[in-house]
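Here is how the chains run, residue by residue.
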Amino acid sequence: MEWITQPWPWYVGGPLIALCMVLILYFGGTLGLSDNLRTLCSMCGGDQCAEFFDFDWRQRKWNLVIALGLVIGGFISHKYLTPDQAVQISPDVVEELVAYGIEDPGSTYVPMEYFSWKSLQTLPGLIMLVLGGFLVGFGSKWAGGCTSGHAISGLSNLQLPSLIAVIGFFIGGLLITYLVLPHLLPIP
Amino acid sequence: MKYLKFLIVGTFFGIVLSKSEVISWYRIYEMFHFKSFHMYGVIGSAVVLGIISVQIIKRQKLKTIDGGEMDFTPKRLSYYRYLIGGIIFGMGWALTGACPGPMFILLGKGVTVMIVVLISGILGTLAYGMLRDKLPH
């Protein structure tokens, strides 16, 4: 049973993701989590602001329940299944991040320098968390899906729009990674 | 009871994504630097098995648990929305290291500041909804 508490390799994670996608289809849903952002908007009265949010969100409750499951799954994984939170990232990346001033990169699940409440008091932290989150919400709805909806569900169904979206994800990700992050990450 | 199965699969999905580390900012950073096979292995094997599964489902005309049709709503082909929307999404993904699913999982993992990312994501969705008629699709 020891393997459960170790990080799961790609050939375990990938197939289990496919299994989840099939299970959700079997249950009458479809895997796509950015849908919840729209639903949450509608629940909070977004239908007063735009027609886009004027739909019967009660029919999408099953997807919110999946999101609730994600929170629980994260908690269970954190509390009971992952005694060591370290992420075995490549030595090249570690070296690069050390040069930016990140202490012991990979020793925690996410870099606490940026993913903390204190980080919100800095401009780089605001850009990464607030602007980053905003772009995820804006972009996923414009593109009609996110990583789960396009890269997993859409590509599995051989949909050309999803392939275009995934290519877009990579262009955007590479732009930020090479042009913006080198200016945001260095810790003064 | 109708929702219990979704709660269970959601919980399982949360554990799978946590344990395979695909929701770690470090893994996303590493992926965009092409420094590790891990993320490509996870997404690639999920997609290959996903394609095989969907083909089997369609050929065998498998039904949902309630006997209904499975939801394979085709997306209308266009370029603007998928490419530009996708680029914007990718920018946010590289900044936060989290797409919508992982935001929820990281909250459960105790990264409480993710609530700010999630609220920003909801505001981004709201902004899209309000500008939708003016954007190319």
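What you see as residue numbers is a count from 1 along each chain, following the sequence as written. Each chain is given a letter, starting from A, and each ligand a number, starting from 1, according to the order in which they appear as written. The predicted nature of this model means local features are confined to residues of pLDDT at least 70 and side-chain atom pairs, given and counted, to a pLDDT of 80 or more, with totals for whole chains, interfaces and linings taken over all residues. Here the side-chain values reflect all heavy atoms present in the structure, with hydrogen atoms and water set aside.

A. Representation of the overall build of chain A in the model. Where helices and strands are cited, they refer to DSSP runs of H or I of at least four residues and of E of at least two residues respectively, numbered from the N terminus. When helices and strands are counted, chain A shows eight helices and zero strands. The dimensions of chain A, computed from C-alpha atoms along their principal axes, are 50 × 45 × 35 Å. Residue exposure (1.4 Å probe, protein chains only): buried if accessible area is under 20% of the type maximum, exposed if over 50%, otherwise partly exposed. In chain A, which comprises 188 residues, the proportion classed as buried is 55%. As displayed, chain A has an accessible area near 8,400 Å², and 65% of this comes from carbon and sulfur atoms. We treat Lys and Arg as the positive residues and Asp and Glu as the negative residues; His and chain ends play no part in the count. Every charge is mapped to an atom, namely NZ of Lys, CZ of Arg, CG of Asp or CD of Glu. With 7 positive and 13 negative side-chain charges, chain A shows a spacing of 16 Å between the two charge centroids. Working definition of accessibility: Shrake-Rupley area with a 1.4 Å probe, residue cover restricted to the visible protein chains.

B. The arrangement of the overall build of chain B in detail. In terms of helices and strands, chain B carries six helices and zero strands. Shown N-terminal to C-terminal, the secondary structure of chain B runs as helices and strands in the order α-α-α-α-α-α. Partitioning the intrachain contacts of chain B with sequence separation of at least 6 by distance along the chain shows that 37% fall at a separation of at least 24. Accessible surface computed for chain B: about 5,800 Å², of which carbon and sulfur atoms make up 67%. In chain B, 15 side chains carry a positive charge and 6 a negative one; their mean positions are 3 Å apart. What makes two residues a contact is simply this: any of their non-hydrogen atoms within 4.5 Å.

C. The arrangement of the nonpolar core in detail. Grouped together as the largest cluster of nonpolar side chains are 97 residues, with contacts concentrated most on Leu97, Phe115 and Leu185 of chain A together with Trp25 of chain B. Each domain's extent was defined by an automatic or database domain assignment. Of the domains in this structure, domain 1 (1-83) and domain 2 (114-188) of chain A are the two that each give at least three residues to this core. In this view, Trp25 of chain B contacts Leu97, Tyr109, Val110, Pro111, Phe115, Met128, Leu181 and Leu185 of chain A together with Ala94, Leu95, Thr96 and Gly97 of chain B; residues no more than four positions away in its chain are not counted. By convention a nonpolar core is built from buried Ala, Val, Leu, Ile, Met, Phe, Trp, Tyr and Cys residues, the set being connected through side-chain atoms within 4.5 Å.

D. Layout of the interface of chain B and chain A. Taken together, the contact between chain B and chain A spans 110 residues of the former and 124 residues of the latter. What counts as buried area is the accessible surface, traced by a 1.4 Å probe, that two parts surrender upon association, with contributions from both included. Where chain B abuts chain A, roughly 10,600 Å² becomes buried across the two surfaces, and 78% of that area is made up of carbon and sulfur atoms. Looking at the side of chain B facing chain A, the largest losses of area belong to Lys19, Tyr26 and Leu95 of chain B, adding up to 9% of the total buried there. Basic side-chain nitrogens of Lys or Arg form a salt bridge, by our definition, when they fall within 4 Å of a carboxyl oxygen of Asp or Glu. Where chain B touches chain A, the interface holds one salt bridge. Notably, a salt bridge pairs Lys35 of chain B with Glu96 of chain A, separated by 4.0 Å at the nearest N-O pair. Under the rule applied, a polar contact is a pair of N or O atoms within 3.5 Å (in protein, one hydrogen donor and one hydrogen acceptor; residues adjacent in sequence only if both atoms are side-chain atoms). Linking chain B to chain A there are 27 residue pairs in polar contact (both at pLDDT 80 or more). Considering every element that reaches the side of chain B that touches chain A, the biggest residue donor is helix H6 (residues 114-131) of chain B, with 17 residues. Asp, Glu, Lys and Arg are counted as charged, while Ala, Val, Leu, Ile, Met, Phe, Trp, Tyr, Cys and Pro are counted as nonpolar; the rest, among them Gly, fall into the polar class. Among the residues forming the side of chain B that touches chain A, the class breakdown is 66 nonpolar, 30 polar and 14 charged.

E. The arrangement of the pattern of salt bridges in detail. Residues and elements named next belong to chain B. For the structure on display, the rule yields six salt bridges over all chains. Between Glu69 and Lys63 there is a salt bridge whose closest N-O contact spans 2.6 Å. Looking at Glu69, the relative accessible area reads 63%, which means it is exposed. Overlapping salt bridges bring together Glu21, Arg27 and Glu30 as one network.

F. Spotlight on a negative patch on the surface. Only residues above 30% relative accessible area that lack a salt bridge enter a patch, with like-charged residues linked at up to 9 Å and the nonpolar side chains Val, Leu, Ile, Met, Phe, Trp and Tyr linked at up to 5 Å. On the surface, Asp47, Glu51 and Asp54 of chain A together with Asp133 of chain B cluster together into a patch of negative charge. Structurally, the position occupied by Asp47 of chain A is in the loop between helix H3 (35-43) and helix H4 (61-81). What makes Asp47 of chain A partly exposed here is its relative accessible area of 34%.

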